[in-house]
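An overview of the molecular structure
Listed below are the residues making up each chain.
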Amino acid sequence: MNVEMNPANVEACCPPLGDGVLQEQEAVEAAVRFKALGDPARVRIVNRLAVADGPVCVCDLTPEIGLSQATVSFHLKKLLGAGLVEREQRGKWAFYSIRPGALEGLATVLDPGV
């Protein structure tokens, strides 16, 4: 299944399980995000972006992750498609940051007390 997240649904995604039965579309959207995090390089990228003070250039992620620029860009595209990150173009470089609310939505699926 190759489903991309609709950015408009980012905050609406992933209500806590304690709030009631998870609807099919909500489950699909959460699964898309979890699937995007199913690669260790993507988890490291998300971690790096989560602790950054602002948007991070792909050129800075490349040496930190230890992969080629093309591979890091590939992983960022997957994270962007899943609605986990945002992209800002500055000249020839792309800067990425965590999409507000994206990680909290996942956390509430796993821990309704969050």
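This write-up is about the structure you can find in this document.

Cut-offs used in this document
- Residues numbered from 1 in each chain as written.
- Predicted model: local features only at pLDDT ≥ 70, side-chain atom pairs only at ≥ 80, totals over all residues.
- Heavy atoms only, no water.
- Core = buried A, V, L, I, M, F, W, Y, C linked by side-chain atoms within 4.5 Å.
- Buried < 20%, exposed > 50% of the residue type's maximum accessible area, 1.4 Å probe, protein only.
- Helix = DSSP H or I, 4+ residues; strand = E, 2+ residues; numbered from the N terminus.
- Contact = heavy atoms within 4.5 Å.
- Pairing = 2+ DSSP bridges.
- Axes fitted to C-alpha atoms, helices over the stretch in contact; angles between N-to-C directions.

Things to note about the nonpolar core
Counting 21 residues, the largest nonpolar core has I45, L49, L61, L76, L79 and L84 as its most contacted members. Elements with a contribution of two residues or more to this core: helix 1 (24-36), helix 2 (40-51), helix 3 (58-65), helix 4 (69-81), strand 3 (93-98) and helix 5 (102-110). Considering each element in turn, this core owes the most residues, four residues, to helix 2. Not counting the four nearest positions on each side in its chain, L61 is found in contact with I45, R48, L49, V56, V72 and L76.

Section: the sheet that holds strand 2 (residues 85-90)
One open sheet accounts for three strands, arranged 1-3-2; its pairing is antiparallel. Both edges of this open sheet fall to strand 1 (56-57) and strand 2, since each of them pairs with a single strand only. Bridge count for strand 2 against strand 3 is six bridges, and the pairing is antiparallel. Across the sheet, the residue bridging to Q89 is A94, located in strand 3. Those strands touched by helix 4 are strand 2 and strand 3, and its axis lies near 125° from that of strand 2.

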